[in-house]
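So the chains spell out like this:
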Amino acid sequence: MDNNDQVETRSQFALLGKQRFAPFFWTQFMGAFNDNIFKNGLLALVTYNAMFQTGVNQDTVNNIGAVAFILPFFLFSALAGQLADKYEKSLLIRNVKLLEIGIMIIGAVCFYLHQVWGLMLLLFLMGAQSTLFGPVKYSIMPQHLKSGELIGGNALVESGTFVAILIGTITAGLVSQWEQGPLILGVLVIIFAVCGWLASTKIPTGPAPSPELKISYNIWKETLHTLTFAQENRSVYLAIMGISWFWFLGASYLTQIYNYTKVDLHGDTSVVTGLLAIFSAGIALGSLLCERF
């Protein structure tokens, strides 16, 4: 890390040129991009491609997919927080990205073989991998950014996430319409999983704050403990409830867009892509405005 990298930046965008932030930014960008190619590609294929029909109502299949991806965040977030406290953060991120590569290789095979239920299981595993990444993703930034850079850094991460969602959604919508779409989707998710891991190898060391911590694998007890602890600080608790409601409401709407577009709007995947693009672009813009506000 050079001397210039030690100086606090005055522009949030200048952080993208810093070794202490840029590799981390691109690691999480690739992860969000890959999640949405996989998830939206699967939902588009289930909704519009006859080869991916399961005999189960499409609304039910789409809702199962949403639950499969979101459930690990509830189950394993407390455990992921403990891991982020106990282990050196850059190493933990690299291991999580290696896990993503393994999941995506199996996913590519399932796409090629049209194995919808196998892909649903992998959605759950992807949710688990994203859950492991969540706490370390936000706890490493205060170690590498100055206090005056944290709002800008968070804004870049949030806006970058939704730009990645936007690009991943558009890519999934376009590719899913092609004759060889499932095969190409499988190849893409492997490529970008590897790109994410390569970016993670450049992340500077993030020392473990509690290396002596004993991990508790009782997910119910730890989840209750985390919620109880959060309630002791009203502002923290309200922030948790606010962001949880945001993701709950957003996920509820986004899950229904595919069948809503097909059944009620009589539109194809391009209409779905347009609706999702507007949603993602709005959140990305709002994230960047946070520092200004």
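Residues numbered from 1 in each chain as written. Predicted model: local features only at pLDDT ≥ 70, side-chain atom pairs only at ≥ 80, totals over all residues. Heavy atoms only, no water.

I would appreciate a short explanation of the packing of aromatic side chains in the present structure.
How two aromatic rings sit relative to each other is set out by the distance from centre to centre and by the angle between their planes. Going through the model one piece at a time under the given rule, you end up with 11 aromatic pairs. Consider the rings of Phe-33 and Phe-192, whose centres lie 4.6 Å apart with planes at 65°: the pair is edge-to-face. Residue Phe-33 is found in helix 1 (residues 22-48), and its partner Phe-192 is found in helix 7 (residues 181-200); the two are separated by 159 residues along the sequence. Here Phe-33 falls in the buried class, since its relative accessible area comes to 6%. Between Phe-69 and Phe-73 the ring centres are 5.9 Å apart and the planes differ by 55°, which places this aromatic pair in the tilted class. Taken together, the residues Phe-69 and Phe-73, both in helix 2 (residues 58-86) and four residues apart, mark about one turn of the helix. Taking relative accessible area as the criterion, Phe-69 reaches 11% and is therefore assigned buried. Exposure remark for Phe-73: the relative accessible area of 33% places this residue in the partly exposed category. Taken together through their ring pairs, the aromatic side chains of Phe-21, Phe-24, Phe-25, Trp-26 and Phe-29 make up a single cluster. Over the ring of Tyr-48 we find Lys-262; its NZ or CZ atom is 5.8 Å from the centre of that ring. (Phe/Tyr/Trp six-rings, centres within 6.5 Å; stacked < 30°, edge-to-face > 60°. Helix = DSSP H or I, 4+ residues; strand = E, 2+ residues; numbered from the N terminus. Buried < 20%, exposed > 50% of the residue type's maximum accessible area, 1.4 Å probe, protein only. Lys NZ or Arg CZ within 6 Å of the ring centre and 35° of its normal.)

Would you take a moment to explain the nonpolar core for this structure?
Note on soluble globular proteins: their nonpolar side chains tend to be buried together. Within the largest apolar cluster, 48 residues are counted, with the highest numbers of intra-cluster contacts made by Phe-21, Phe-24, Phe-38, Ile-93, Leu-119, Leu-123 and Met-126. Counting only elements with at least two residues in this core, the list comes to helix 1, helix 2, helix 3 (89-113), helix 4 (116-139), helix 6 (150-175) and helix 7. Sort the elements by how many residues they give to this core and helix 1 lands first, with 10 residues. Apart from the residues lying within four places of it in its own chain, the contact partners of Phe-38 are Met-104, Gly-107, Phe-111, Leu-119, Leu-122, Leu-123, Met-126 and Val-189. Among the nonpolar cores identified, the runner-up in size contains six residues, and Leu-43, Ala-44, Tyr-258 and Val-272 belong to it. (Core = buried A, V, L, I, M, F, W, Y, C linked by side-chain atoms within 4.5 Å. Contact = heavy atoms within 4.5 Å.)

Looking at this model, I keep getting lost on unusual backbone geometry. Mind explaining?
What is expected of a backbone is that most residues other than glycine have negative phi and most peptide bonds are trans. A positive phi is found at His-114, a non-glycine position, where the angle reads about 60°. For His-114, the position within the fold is in the loop between helix 3 and helix 4. The exposure class of His-114 is partly exposed, given its relative accessible area of 26%. A positive phi angle, close to 55°, is found at His-266, a residue other than glycine. Among the secondary structure elements, His-266 is positioned in the loop between helix 9 (234-264) and helix 10 (269-292). By relative accessible area, which is 68% here, His-266 ends up exposed.

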